[in-house]
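Secondary and tertiary structure notes
Letter by letter, the chains look like this.
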Amino acid sequence: MATEKLQGITRRRFLSGMLTASAGAVIGSSLLAPRTAMAATDAKSTFSGDVIHGSHWGAFRAKVENGIWIDTVAFENDPHPTAMLSAVREVVYNPSRVKYPMVRLDWLKHGWKSDTTQRGDNRFVRVPWSQALDFFHHELERVQNTYGPSALYAGHSGWQSCGKLNTAGTIMQRAISLHGTYLAKIGDYSTGSAQVVLPYVAGAMEVYEQQTSWPLVLENAKNIVIWGSDPIKNLQVGWLIPDHSVYGYYQQLADKVKSGEINVIHVDPVKSQSYKFFGGKQVPVNPQTDVPLMLAIAHTLYTEKLYDEQFLADYTTGFDQFVPYLTGEKDGVAKTPEWAEKICGIPADEIRELARTMASGRTQIIAGWCLQRMQHGEQYAWMIVVLAAMLGQIGLPGGGFGFGWHYNDAGTITSAGPLMSGFSSVTGVEPIHQGSYNGYSTYIPVARFVDCIENPGKTIQFNGHSVKFPHMKMAIFCGNNPFHHHQDRNRMIEAWRKLETVVSVEHQWTATCRFADIVLPATTTYERNDIEQFGNHSNKGIIAMKQIVEPMFESKDDFDIFRELCTRFDREEAFTGGKTKMEWIEEIYNGARLQGRGIGVRMPNFVKFWEEEQFVSFPEGSEWVRHAAFRKEPDLEPLGTATGLIEIYCKTIADMGYDDCQGHPMWFEKVERSHGGPKSNKFPLHMQSCHPNYRLHSQLCSSDDFRGTYAVQDREPVYISTADAKARGIVSGDIVRVFNDRGQVLAGAVVTDDYKSGVCRIEEGAWYAPLEGGKPGTLCTYGDPNVLTVDIGTSKLAQATSAHTALVEIEKYTGPIPSVTGFSGPTEIDDVNPLFPAMDIA
Ligand SMILES: Nc1nc2c(c(=O)[nH]1)N[C@H]1C(S)=C(S)[C@@H](COP(=O)(O)OP(=O)(O)OC[C@H]3O[C@@H](n4cnc5c(=O)[nH]c(N)nc54)[C@H](O)[C@@H]3O)O[C@H]1N2
Ligand SMILES: Nc1nc2c(c(=O)[nH]1)N[C@H]1C(S)=C(S)[C@@H](COP(=O)(O)OP(=O)(O)OC[C@H]3O[C@@H](n4cnc5c(=O)[nH]c(N)nc54)[C@H](O)[C@@H]3O)O[C@H]1N2
Ligand SMILES: [Mo]
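One numbering rule holds for all chains: residues counted from 1, following each sequence as written. Here chains are named by letter from A upward and ligands by number from 1 upward, in the order in which they appear as written. In keeping with the predicted nature of the model, local features appear solely for residues at pLDDT of at least 70, side-chain atom pairs appear and are counted solely at 80 or more, and the whole-chain, interface and lining totals rest on all residues. To get the side-chain values, take all heavy atoms of the structure and skip hydrogens and water.

Where an unreviewed UniProt entry is consulted, the protein chain appears under the name trimethylamine-N-oxide reductase, with the organism given as Enterovibrio qingdaonensis. UniProt positions are given in the numbering used here, feature names are shortened, and annotations may be inferred rather than shown by experiment. UniProt, in the comment section headed Cofactor (unreviewed entry), describes the protein chain in these words: "Mo-bis(molybdopterin guanine dinucleotide)".

**Section: unusual backbone geometry**
The phi angle at Asn-408 is positive, at roughly 55°, despite the residue not being glycine. Position of Asn-408 relative to the elements: it lies in the loop between strand E15 (400-402) and strand E16 (443-445). A positive phi is found at Asn-463, a non-glycine position, where the angle reads about 50°. Note on placement: Asn-463 falls in the loop between strand E17 (459-462) and strand E18 (465-468). Here a strand is any run of E in DSSP of at least two residues, a helix any run of H or I of at least four, and the numbering for each starts at the N terminus.

**A few points about the site of ligand 2**
Around ligand 2 there are 35 residues in total, and Lys-233, Asp-268, Asp-290, Arg-373 and Pro-692 lie nearest to it. In this structure, a nitrogen atom belonging to ligand 2 sits 3.0 Å away from a main-chain N or O atom of Val-267. Per-residue and other accessible areas follow the Shrake-Rupley method at a 1.4 Å probe size, with only the shown protein chains counted as cover for residues. Here ligand 2 loses 100% of its free accessible area of 920 Å² to cover by the protein chains. Grouping the amino acids of the shell around ligand 2 by side-chain chemistry returns 16 nonpolar, eleven polar and eight charged. Only a single heavy atom is needed: when it lies within 4 Å of a molecule or strand, its residue is near that molecule or strand. Polar contact is defined as a pair of N or O atoms within 3.5 Å, subject to the rule that within protein one atom must be able to donate a hydrogen and the other to accept it, and that residues adjacent in sequence are counted only when both atoms are side-chain atoms. Three classes are used, and their members are as follows: Ala, Val, Leu, Ile, Met, Phe, Trp, Tyr, Cys and Pro are nonpolar, Asp, Glu, Lys and Arg are charged, and the others, Gly among them, are polar.

**Here's the deal with the UniProt feature "domain: Molybdopterin dinucleotide-binding" (unreviewed entry) in the protein chain**
Mapped onto this structure's residue numbering, the UniProt feature "domain: Molybdopterin dinucleotide-binding" (unreviewed entry) falls at residues 685-806. Structurally, residues 685-806 is divided into 8% helix and 23% strand, and its ends, taken at the C-alpha atoms, are 8 Å apart.

**Comments concerning the nonpolar core**
By nonpolar core is meant a set of buried Ala, Val, Leu, Ile, Met, Phe, Trp, Tyr and Cys residues that side-chain atoms within 4.5 Å join together. Residue burial is assigned from relative accessible area. The probe radius is 1.4 Å, only protein chains are included, and a residue is buried under 20% of its type maximum, exposed over 50%, and partly exposed in between. Counting residues in hydrophobic clusters, the biggest one holds 170 residues, and the most contacted among them are Trp-227 and Phe-403. Top contributing element to this core by residue count: helix H17 (residues 377-391), with twelve residues. The contact definition used throughout considers only heavy atoms, calling two residues in contact when any of these lie within 4.5 Å. Filtering out sequence-adjacent residues up to four positions away, Phe-403 remains in contact with Leu-198, Glu-206, Val-207, Gln-211, Ala-367, Gly-368, Trp-369, Tyr-380, Ala-381, Ile-384 and Val-385. Residues Val-103, Ala-175, Ile-531 and Leu-565 belong to the second largest nonpolar core, which totals 68 residues.

**Quick look at helix H10 (residues 246-258)**
What a helix is expected to span follows from its residue count: subtract one and scale by 1.5 Å. Over its 13 residues, H10 extends 19 Å from the first C-alpha to the last, a length consistent with the 18 Å expected when each residue adds 1.5 Å. Burial in H10 covers these residues: Val-246, Tyr-247, Tyr-249, Tyr-250, Leu-253, Ala-254 and Val-257. The arc enclosing the buried residues of H10, seen along the axis, measures out at 150°, which places them on a common side. Buried residues belonging to H10 abut helix H8 (214-220), strand E10 (223-227), helix H9 (231-234), strand E11 (263-267) and helix H11 (273-278). Comment: arc refers to directions from the helix axis out to C-beta atoms.

**Looking at the pairing of E11**
A large share of E11 lies buried, amounting to four of its five residues. Summarising the sheet, E10 and E11 pair through five bridges and their orientation is parallel. Bridging from a neighbouring strand, Asn-223 pairs with Asn-263 of E11. Only when DSSP finds a minimum of two bridges between them are two strands counted as paired. As defined by bridge partners, E11 adjoins strand E12 (residues 281-283) across three bridges and the pair is classed as parallel. Across the sheet, residue Ile-265 finds its bridge partner in E12, namely Lys-281. A crossover counts as right-handed when, viewed with the strands pointing away from the observer, the path leading from the first strand over the helix to the second turns clockwise. In the classification by handedness, the crossover that spans E11, the intervening H11 and the parallel E12 is right-handed.

**Digging into the domain arrangement of the protein chain**
By the assigned domains, the protein chain splits into domain 1 (14-40 + 97-187 + 435-536 + 554-578), domain 2 (202-411 + 626-654) and domain 3 (685-812). Measuring from the centre of the C-alpha atoms in domain 1 to the corresponding centre in domain 3 gives 25 Å. Residue-level contacts link 36 residues of domain 1 with 36 residues of domain 3. What counts as buried area is the accessible surface, traced by a 1.4 Å probe, that two parts surrender upon association, with contributions from both included. Of the roughly 2,800 Å² buried between domain 1 and domain 3, counting both surfaces, carbon and sulfur atoms make up 51%. In terms of surface lost to domain 3, no three residues of domain 1 exceed His-484, Gln-487 and Asn-490, which account for 22% of the buried area on that side. The term salt bridge refers to a pairing of a side-chain nitrogen on Lys or Arg with a carboxyl oxygen on Asp or Glu at a separation within 4 Å. Joining domain 1 to domain 3, the criterion identifies three salt bridges. The tally of links from domain 1 across to domain 3 stands at 21 residue pairs in polar contact (both at pLDDT 80 or more). Secondary-structure elements contributing two or more residues to the side of domain 1 that touches domain 3 are helix H2 (35-40), E17, helix H19 (482-485), helix H20 (489-496) and helix H21 (511-514). Take the side of domain 1 that touches domain 3: its biggest share by element is five residues, from H20. A per-class count over the side of domain 1 that touches domain 3 returns 14 nonpolar, twelve polar and ten charged. Note: domain ranges come from an automatic or database domain assignment.

**Here we look at the packing of helix H24 (residues 581-598) against helix H25 (residues 606-613)**
Note on geometry: axes are lines fitted to C-alpha atoms, helical ones only across the stretch in contact, with angles between N-to-C directions running from 0 to 180 degrees. Interaxial distance between H24 and H25 falls to 10 Å at its minimum, and their mutual angle equals 110°. On the basis of the axis angle, H24 is roughly perpendicular to H25. Residues Met-582, Ile-585, Glu-586, Tyr-589 and Asn-590 of H24 form the contact with H25, whose participating residues are Phe-606, Phe-609 and Trp-610. Just so you know how the angles are binned, under 35 degrees is roughly parallel, over 145 roughly antiparallel, 65 to 115 roughly perpendicular, and the rest oblique.

**Quick look at the environment of Phe-124**
Tracing the chain through its elements places Phe-124 in strand E7 (residues 123-126). Spatially, the C-alpha atoms of Phe-124 and Asp-830 are 8.6 Å apart, while their sequence positions differ by 706 residues.

What follows is the structure in structure tokens.
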């Protein structure tokens, strides 16, 4: 651990796990004084010892003394643990813990007729569990009977904890769908536009799939182009438990870059963690202008005849329709490097050089997701495929494109072990309520959900369909945090007032809890038993996730919360399937064991696994090349597109007739864009809200001690370039106000040469901490970037989030400095009659 003085503020910085030789050196010693543990625990257990568990940050052994978790040691089979692991213990004990079932003050008085402008002022009343669940059930009944299923929104998903049994969102959906049908969501925030466009273009979503094995890439690639991706930062976490072995390959890549064997190019306006880790050359493109840059590369490949005509003929369709756009024959604008330079900021000669380099040998394109999380994000994903098709190396080791390299241990070799199934949201039991949707859509694109609340009756286009927004009246959130992840916070606060009842099932008192009516305290994964696969794409084995400490306060497992809800409408048996939680874990394990037997992988029986071994590892699998089967036998292994080929021109999309996503990839101007684009006169800085280096979204933000290692004067850092800071009289350590027409936040300045001038960043997941809770436009005292982002769909095709289309201005903050409001739990009002005689929820 290094201690660094920064403008009078001490910022403890943890060395990143992957940079150190031994795991023990990072996580082993107690990094954090366990003061929160001592202060908050109500441990009844006197257990002392080590407990194995797993998380999105990796597997570990918790050291427990007298029922209190005091330290965290990385799992011995994790060669590159993340520093974030030291923050997970705090999730159990921190002051933001949801302790009891709570009901919002005015909702308790007036039920669904409450004053919804009170939401967000954080006044809540503690109620008994039975009462809270009665309210919940009552509201489900009322909404189904009064409005029908389209008024109930219960499909929202998110980064619930891992564990094959306790998947919070699945549990919630299983219980709610036993009661009634509801308004569902489609898509996700992560890859919302790529996952809609790529099946038309490349036949698969591409984003969540395994990638070519790293050993083959290291052996065959001459160039690796990392386009808007930061794998070193983003591979720290996984959807399941990451095993972090992939960092070994990145270490080898670093060696090959150093020795000149592999040439890495990072197309990124920022010097990323990956750039710093394995080096290479940076192409600092202006934000949101990658499509012009790619078009100019394509133009160069075309005019200099550097493209693979044979590959285009054999494996693709529609190049002919794309060329007239490229040359300008179609719209009078040739997409030359000179044309692109003015938009993307990269000199024309450098663009030509980049094209020639990419065509000079085997080139692997590694594409990230941030770029498809902006307006017209579909075009970027599509254009990456077109470039790779022109280079003609799709399906060769170390060539072609991949959209999932920075995610879930991708590029590791998948083991030969069985895959565990998990608890399911589907029971086969009919719901009690199956009312009519009254002509409204049965689903909404997930990132349009606030649009839906705000504009009932409005019809939008989505992927060739019309979606008519229903009147949403009740929403349930479990295992996600919309008051961090959704865009344009102030618009959201106003729209939210139209909802009659909001339920949040959580273990951290997030802003979503503050804006809910009924808050139910869930256990953390560390307070219950579960089982999970170790390694995502790698599937290295199975690990026991054993309960570390007793559930704190009145928290209950999601499983029990929803089981008890189901007893209220006589569906408990259907919910549990007649099994206890431990029986489910055993069944899930035994399913894998049986599968293992079929493929020659022997696993111990459950008791031996659970009580003694606690981890089984699987034998090595074989190396694999993405798209190789298609390249080898395009007729026998066609892609899942309409033609079975890569679609450079897509008739299906063209026939939808959308102005903002047409038959082939194109450059569209954005509603706002830095470096001379729209609105840049008023708000000159492009604000990135990339994924955090020291959190998983909003998770771990409430770990006070860990937050103290990166916060600046208690605020979320805003990274700003040296030139932009100087022009504004800002130095590192200053509290600044970041603002635009949508809102304003305080943040702590970190001035850095890593950022191109005109680009700044506040990492997503910083908790919303309003100065005046519930008031639209109020100052956020901590630095939630989604106060500043725009809430529009990417296009009519995918309607995904456009979070990364956002301009801001930054100024030194000179007003009175408010304390941070976000991390202290609810304001408990206790002078309300506990029998709730005034409640009028009928
Ligand atoms: N501006 C901007 N916004 C973004 C993004 C961006 O790049 N920029 N990225 C988007 C992306 S890609 C994503 S995936 C989303 C992420 O959005 P979310 O998935 O909503 O983010 P998390 O902070 O992981 O929220 C998970 C919540 O579940 C809770 N939780 C954890 N375990 C349990 C459990 O066992 N039971 C229950 N009941 N709750 C639990 C956690 O405490 C936490 O509050 O954010 C999106 N928002
Ligand atoms: N540590 C950590 N890792 C995570 C997560 C986390 O919360 N924390 N979340 C996980 C999840 S749910 C997801 S969806 C993925 C997200 O994965 P991504 O969306 O790919 O990740 P980001 O970090 O947002 O952005 C990646 C890179 O894009 C660059 N970039 C931004 N704008 C532009 C641009 O206009 N042009 C170019 N060329 N580059 C640009 C950024 O500078 C950054 O280096 O990460 C996963 N991994
Ligand atoms: Mo995501």
